[in-house]
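Understanding the architecture of this molecule
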Amino acid sequence: MSVLVIGGDEIVPIKAVLHSLGCELITHWDARKESINHKKIPQSTSCLILLTNFLNHNTMKKFRTEAKKRNIPTICSKRSASCVYGEFCKVFGTQCEGCDKQCQNR
């Protein structure tokens, strides 16, 4: 699975969590500059993760809209490995560690 993470400066713990969940290719855009709004989601992307602590509303709206048009699952989370893990489990219905049931979508 190929994942695009938008937001945050350093996402090493988040990358480790995503690798443990089976994501092979993880692309990260820090979204520090306005020019990010001119980028397109790469064709190979199968999941979009938006780290909400570091994104403005226009950037989030732009990428969520593009992902929705292309039927790419979108995860919005704080910049925390545990939050990303929990939201990933909810969206993809994967089994969490130490949990005997599958997480359900909200």
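Up top is the structure these notes are about.
Residues numbered from 1 in each chain as written. Predicted model: local features only at pLDDT ≥ 70, side-chain atom pairs only at ≥ 80, totals over all residues. Heavy atoms only, no water.

**Looking at helix H1 (residues 12–20)**
- Listed in full, the buried residues belonging to H1 are Ile14, Val17 and Leu18. Seen from one end, H1 has its buried residues packed into an arc of 100°, which puts them on one side.
- The secondary structure elements touched by the buried residues of H1 are strand S1 (2–6), strand S2 (25–29), strand S3 (47–51) and helix H3 (81–92).
- Positive backbone phi, approximately 100°, marks Gly22, located one or two places after H1. (Buried < 20%, exposed > 50% of the residue type's maximum accessible area, 1.4 Å probe, protein only. Helix = DSSP H or I, 4+ residues; strand = E, 2+ residues; numbered from the N terminus. Arc of directions from axis to C-beta. Contact = heavy atoms within 4.5 Å.)

**Side note on the packing of aromatic side chains**
- If you walk through the whole model with that rule in mind, you get two aromatic pairs.
- For the pair Phe88 and Phe92, a centre-to-centre distance of 4.7 Å together with 40° between the ring planes defines the contact as tilted. You can see Phe88 and its partner Phe92 sitting in helix H3, four residues apart, about one turn around the helix.
- Classification of Phe88 by relative accessible area gives buried; the value is 1%. (Phe/Tyr/Trp six-rings, centres within 6.5 Å; stacked < 30°, edge-to-face > 60°.)

**Brief notes about the packing of H1 against H3**
- Contact pair H1 / H3: the axes reach a minimum separation of 9 Å and the direction vectors enclose 30°. With respect to each other, H1 and H3 are oriented roughly parallel. Handedness of the crossing formed by H1 with H3: right-handed. Contact with H1, carried on its side by Pro13, Ile14, Val17 and Leu18, involves Ala81, Val84, Tyr85 and Phe88 of H3 and no other residues of that element.
- Classifying every residue of the contact of H1 with H3 gives eight nonpolar, no polar and no charged. (Axes fitted to C-alpha atoms, helices over the stretch in contact; angles between N-to-C directions. Parallel < 35°, antiparallel > 145°, perpendicular 65-115°, else oblique. Left-handed = near helix turned anticlockwise from the far one by under 90°. Nonpolar A, V, L, I, M, F, W, Y, C, P; charged D, E, K, R; others polar.)

Scope: geometric values only; no functional claims are made or implied.
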